[in-house]
Amino acid sequence: MKLDEANKFKYLFVALGACIEGFAAMRKVIVVDATFLKNGYGGVLVFAKAQDPNRHHYPLAFGVLDGENNASWTWFFEMLKTAIPDSSELVFMSDRNQSLIAAVANVFPQSHHGHCIWHLSQNVRGHACNTTKAVVAWRFMELARCYTVAEFESAYASFKVRFPPAYKYLEEHTDKRTWARVYFPGVRYNLDTSNSVESMNSVFKDARRYALIPLLDTIIKKFSDWFNEHRKDSAAGSIDTKLVPLVEIHLHNLWSTAEKTPVRELNSYELEYEVLST
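Cut-off values and rules
Residues numbered from 1 in each chain as written. Predicted model: local features only at pLDDT ≥ 70, side-chain atom pairs only at ≥ 80, totals over all residues. Heavy atoms only, no water. Core = buried A, V, L, I, M, F, W, Y, C linked by side-chain atoms within 4.5 Å. Buried < 20%, exposed > 50% of the residue type's maximum accessible area, 1.4 Å probe, protein only. Helix = DSSP H or I, 4+ residues; strand = E, 2+ residues; numbered from the N terminus. Contact = heavy atoms within 4.5 Å. Pairing = 2+ DSSP bridges. Axes fitted to C-alpha atoms, helices over the stretch in contact; angles between N-to-C directions. Parallel < 35°, antiparallel > 145°, perpendicular 65-115°, else oblique. Nonpolar A, V, L, I, M, F, W, Y, C, P; charged D, E, K, R; others polar. Left-handed = near helix turned anticlockwise from the far one by under 90°.

S.K.: Is there a simple way to think about the nonpolar core in this case?
M.R.: Within soluble globular proteins, side chains that are nonpolar tend to cluster in buried spots. With 31 residues, the main nonpolar core has Ile30, Val32, Trp73, Phe77, Leu80 and Phe92 as its most contacted residues. Of all elements in the fold, only β2 (9–14), α1 (17–22), β3 (29–36), β4 (44–51), β5 (57–65), α2 (70–83) and α3 (98–107) reach the threshold of two or more residues within this core. Per-element accounting of this core gives the leading share, 5 residues, to α2. Discounting residues that sit within four places of it in the chain, Phe77 has contacts with Val32, Phe92, Leu100, Ala103, Val104, Val107 and Phe108.

Right, dumping it as structure tokens:
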């Protein structure tokens, strides 16, 4: 906790040890978002979360700040750094708040920072003219998720022709390396929006009206309950299971197609094969 010059509350940061310890087994993508408190004192509630191998929410830390400004965000990330060190493998995902962006760059200089493509799509749709704005937003998100440079460049050229004002906005106000999958320098896996952490804001919607101590109690209790349940689920699984349930179910659903798919060996030494799917 940080106090101001008058010895009054200013910032709060909480990271449960069990959650920080478990982060070693998670993909190194941290989603961060803030939401306003409605308790009469102002300020914002901040969550930092990751994702477990089964694509479930994995809470890392939370904080209470006086607002989204350079000083508060810098303090929050400095506290987070005491639990999770800077690394070139680390990726942050957030909206495009300039204070947040600057704080991540200063405190975690080795990490990579991606911008939520859903938030950005709403800005893009605002610059669309003479077309259905929702279609422009959807086309942008499709564009951001292209897997190859050739596919991206082709789609981006088509986007330029169909939606010139939106294209101009992207060129003048964004960097493709922060939102396009093919140019992003880090590894963000399936996480390209901050929507997942915003669902945590929804969970604590009512608690945002509480004073600090009841708010703190509520969040820690829910985090503890979540972790205990998560530990039970992990313990209940067979030690012979090699894959998480999400992947096992996906492979099971693919089996009927996969067993009919032709496979041709290309290089037995390098274990390279060609698999053709209709």
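S.K.: I keep staring at the sheet that holds β2 and nothing clicks. Help me out?
M.R.: Adjacent strands of a sheet pair through backbone hydrogen bonds, lying either parallel or antiparallel. Within the open sheet, the 7 strands sit side by side as β1-β2-β5-β4-β3-β6-β7. Their pairing is mixed. Edge positions in the sheet fall to β1 (2–3) and β7 (112–115), since each of these pairs with one other strand and no more. Sheet topology places β3 next to strand β6 (residues 91–94); 3 bridges connect them, and they run parallel. In the strand pairing of β6, Val29 is matched with Val91. Contacting β3, β4 and β5, helix α9 (residues 195–203) crosses the sheet at an angle of about 40° to β3.

S.K.: It is not clear to me how the pairing of β4 should be interpreted in this structure. Could you clarify?
M.R.: Working note: regular strand, side chains alternate between the two faces of the sheet. Burial within β4 is extensive, with 8 of its 8 residues counted as buried. Burial of the side chains of β4 extends over both faces: Val44, Val46, Ala48 and Ala50 are buried on one face and Leu45, Phe47, Lys49 and Gln51 on the other. For β4 and β5, the ladder comprises 8 bridges, and the chain directions are antiparallel. In the sheet register, Val44 faces β5, and the bridge partner there is Leu65.

S.K.: Any chance you could explain the packing of helix α6 (residues 149–162) against helix α7 (residues 164–173) here in plain terms?
M.R.: A packed helix pair is summarised by two numbers, namely the angle formed by the two axes and the spacing between the axes. It is at 5 Å that the axes of α6 and α7 come closest, and there the two elements cross at 125°. In terms of orientation, α6 lies oblique with respect to α7. Residues Tyr156, Phe159, Lys160, Val161 and Arg162 of α6 touch α7, and the partners they reach there are Pro164, Ala166, Tyr167, Leu170 and Glu171. Looking at the contact of α6 with α7 residue by residue, the class counts come to 7 nonpolar, no polar and 3 charged.

S.K.: Looking at this model, I keep getting lost on the packing of α2 against α3. Mind explaining?
M.R.: Contact geometry of α2 with α3 gives a least axis separation of 8 Å together with a crossing angle of 40°. Taken together, the axes of α2 and α3 lie oblique to each other. Crossing hand, α2 versus α3: right-handed. For the pair α2 and α3, the contacting residues are Asn70, Trp73, Thr74, Phe77, Glu78 and Lys81 in the first and Ser99, Leu100, Ala103, Val104 and Val107 in the second. Residue composition of the contact of α2 with α3, grouped by class: 6 nonpolar, 3 polar and 2 charged.

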